[in-house]
Number of protein chains: 2
Amino acid sequence: MIETPYLLFLGDAADPLAAKVAQGIKDWRPEFAVGQIRLEGCNADMKLPDMTIAEAVGKGVKTLVIGVANRGGVISPAWKSVLIEALEAGLDIASGLHNLLRNEADLAAKAKELGRSLHDVRIPTVQYPIANGKKRSGKRMLAVGTDCSVGKMYTALCVERAMRAAGKKATFRATGQTGILITGDGVPLDAVIADFMAGSIEYLTPDNDADHWDLIEGQGSLFHASYSGVTLALVHGGQPDALVLCHEPNRPHMRGLPDYQLPSLEALRDLALTMAQIVNPDCKVVGVSLNTSAMSDAESLAYCAEVEKRMGLPTVDPFRHGAERLAEALEAI
Amino acid sequence: MIETPYLLFLGDAADPLAAKVAQGIKDWRPEFAVGQIRLEGCNADMKLPDMTIAEAVGKGVKTLVIGVANRGGVISPAWKSVLIEALEAGLDIASGLHNLLRNEADLAAKAKELGRSLHDVRIPTVQYPIANGKKRSGKRMLAVGTDCSVGKMYTALCVERAMRAAGKKATFRATGQTGILITGDGVPLDAVIADFMAGSIEYLTPDNDADHWDLIEGQGSLFHASYSGVTLALVHGGQPDALVLCHEPNRPHMRGLPDYQLPSLEALRDLALTMAQIVNPDCKVVGVSLNTSAMSDAESLAYCAEVEKRMGLPTVDPFRHGAERLAEALEAI
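The following paragraphs examine the structure supplied in this document. Computed from a prediction, not measured in an experiment: that's the story for all the values here.

### Quick notes on the overall build of chain A
When you go through chain A residue by residue, the secondary structure sums to 12 helices and 11 strands. Relative to the globule expectation of 20 Å for 333 residues, the C-alpha radius of gyration of chain A, 20 Å, shows essentially globular dimensions. Projected onto its principal axes, the C-alpha positions of chain A cover 55 × 45 × 45 Å. Taking all 333 residues of chain A together, 58% fall into the buried category. For chain A, the proportion of contacts with a sequence separation of at least 24, taken over those separated by at least 6, is 75%. Accessible surface, chain A: about 13,200 Å² in total, of which carbon and sulfur atoms supply 52%. Across chain A, the centroid of the 33 positively charged side chains sits 2 Å from that of the 41 negatively charged ones.

Below, the structure is given as structure tokens:
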């Protein structure tokens, strides 16, 4: 568990896209985002107060979060001096970089000396159990996709926002690095040992109030040759009561697999439901979430309407139109 | 890759079942099994020559294989002195124990000093790639099961034996610790990091002669809530041309999951084929392998005949009746 609130470190971000972790925190957990810190050459801006480390500490910040990808895969000397200063001022550091903080000798030594935590969220810190498949109290929704990176994290976050706005109990459950940094907790599923994947998702979504919904971030796709096993562990460990089908139109092929076409939403519905009903016979497909970011407003609405008619399910682009209809579909279960 | 041939270490095996790894090597790779070494209180016997370490070295043995489970989960002092002696005599050591050889300070130091290898086959030694889903040359069979531990390894080994006896090119591909110790190579899939599972199976079953069959050991079950993700990685990484359905009748519930019934062979056929055809549209289900070890000869034959009629597929207990019919079904593809 990463202590909040955060100071968002934007470093020398080459462009706004490089700072997408910071953007995610700003968008989804604004109450965690107290300020930002930018270095020479930074081309990203979260429209948060620029702060020194000392000012951030004065505002109650607990953790500096690296909200940016590092250039060339190295943690540069310019970054280092800020990170060391943060540790010395009493902050922890959290990172989703491939280069682990703990492998930087100077950071590791300083953190140890001062008793600070270095959170490398790519690496599991928990010894997860083997899944036991037992029914848990509370409700769970899982976002499943026709492919990787079609909007499963944003779908779950949008549904959380809509449910909370309606006064309902809902918790986004992160299963990837960005989601973990946004919320401060979760399971880095792609780095979990095979035998413990489903168990890690049971651990992430424990017994809860009968009217509470866990909104589980999906990963990969049952149809993706590289990552389908990870996805199935989510379906069987998550034991969902509801599935939302996620899709991005107009992809030429599965992400990273030029020889593979995307499945239809109908094929996703049938296979995901078959798989989910092995662990929860009452599971239902409740809606469709489309990522229409490449379309005009008119195109987006027309496309959603067309898919809704075809599938007979509430269909929205939740980031664009809100997720109220998906939230209502969950409540109707 | 573990160097052969082997001296099989039976230790102080409480009973024959405790030495099932040694039994597997003796049954399936008799040419690797030069001799055995037994300690005070050993209740297992592979009917191999009992040898001292020095005698084994004289017979050309390269590796001492721990073919027995350790009592109480500790490597006892009585074992230690034999293992140290083996290293000093020039042997490597291979083990599938949960306690890793490398974590025993005295063994690790001695192996390092002498330049010997300690093979802990529970732990991957390769940095596997992400799966790319590309079609590979050669043919592949995968054993899939209604549950864990229903005979998938034995099925693949039996088919290998039958194909080789008929002069065909075939290689058993181990995906679990026992299989790896039997054959000296393979992927310990349950210990692989989630993102690399399917890639590890592509690595295990590379391009081969057009008329060569890889016979891939299955793991878990698509219907097993704890391990289904591991199974799906095998289906998608293995890209099988043929599936054999494995089943053990009369189980009260899924292994380790009292709340779950076993699926029917029909349900396994449909789901496994749907999954396999995502990566290989030409994949076929070619036969059924039943573990009838709890039945009389007459019951076993009657049950196989009944399932064969019901499923319309060649159906055998391959360990009991031979796997020739399954091998022929592969050749017919």
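### Description of the sheet that holds strand S3 (residues 63–66) of chain B
Residues and elements named next belong to chain B. One open sheet holds the five strands; their spatial order is S2-S1-S3-S4-S5, and the pairing between them is parallel. Each edge of the open sheet carries a strand with a single partner, namely strand S2 (33–38) and strand S5 (118–120). With strand direction ignored, the average angle separating the axes of adjacent strands in the sheet is 25°. As defined by bridge partners, strand S1 (residues 6–11) adjoins S2 across five bridges and the pair is classed as parallel. Residue pairing for S2: Leu8 is matched across the bridge by Gln36. Along the sheet, helix H1 (residues 20–28) makes contact with S1, S2 and S3, crossing S1 at roughly 150°. Most of the contacts of helix H3 (residues 77–88) go to S3, to which it runs at about 155°, and overall it touches S1, S2, S3, strand S4 (92–95) and S5.

### Points about the relation of the copies chain B and chain A
For the pair chain B and chain A, the relating rotation is 180°, the translation along its axis is 0.1 Å, and the fit reaches an RMSD of 0.1 Å. Accordingly, the operation relating the two chain copies is best matched by a two-fold axis.

### A few points about the sheet that holds strand S1 (residues 6–11) of chain A
Picture the strands of a sheet paired through backbone hydrogen bonds; they go either parallel or antiparallel. All names here are of chain A. If you trace the five strands from one edge of the open sheet to the other, you get S2-S1-S3-S4-S5, paired in parallel fashion. Strands with a single pairing partner mark the edges of an open sheet, and in this sheet they are strand S2 (33–38) and strand S5 (118–120). Strand-to-strand twist across the sheet, computed as the mean angle between neighbouring axes with direction ignored, equals 25°. Direction of pairing for strand S3 (residues 63–66) relative to strand S4 (residues 92–95): parallel, over a ladder of three bridges. Note that in S4 the partner of Val65 across the bridge is Ala94. The strands touched by helix H1 (residues 20–28) are S1, S2 and S3; relative to S1, the strand with the most contacts, the crossing angle is about 150°. Packed on one face of the sheet, helix H3 (residues 77–88) meets S1, S2, S3, S4 and S5 and runs near 155° to S3.

### Considering the packing of helix H8 (residues 228–238) of chain A against helix H9 (residues 265–279) of chain A
All names here are of chain A. With their axes 8 Å apart at the nearest point, H8 and H9 run at an angle of 40° to one another. One finds that H8 runs oblique with respect to H9. Between H8 and H9 lies a crossing whose hand is right-handed. Residues Leu232, Val235 and His236 of H8 form the contact with H9, whose participating residues are Met275, Ala276, Ile278 and Val279.

Criteria and cut-off values
Residues numbered from 1 in each chain as written. Chains lettered and ligands numbered in written order. Predicted model: local features only at pLDDT ≥ 70, side-chain atom pairs only at ≥ 80, totals over all residues. Heavy atoms only, no water. Helix = DSSP H or I, 4+ residues; strand = E, 2+ residues; numbered from the N terminus. Rg over C-alpha atoms; globule rule 2.2 N^0.38 Å. Buried < 20%, exposed > 50% of the residue type's maximum accessible area, 1.4 Å probe, protein only. Contact = heavy atoms within 4.5 Å. Areas by Shrake-Rupley, 256 points an atom, 1.4 Å probe, with all protein chains shown as cover. Lys, Arg positive; Asp, Glu negative; His and termini not counted. Charge placed at Lys NZ, Arg CZ, Asp CG, Glu CD. Pairing = 2+ DSSP bridges. Axes fitted to C-alpha atoms, helices over the stretch in contact; angles between N-to-C directions. Least-squares fit on C-alpha atoms with pLDDT ≥ 70 in both. Parallel < 35°, antiparallel > 145°, perpendicular 65-115°, else oblique. Left-handed = near helix turned anticlockwise from the far one by under 90°.

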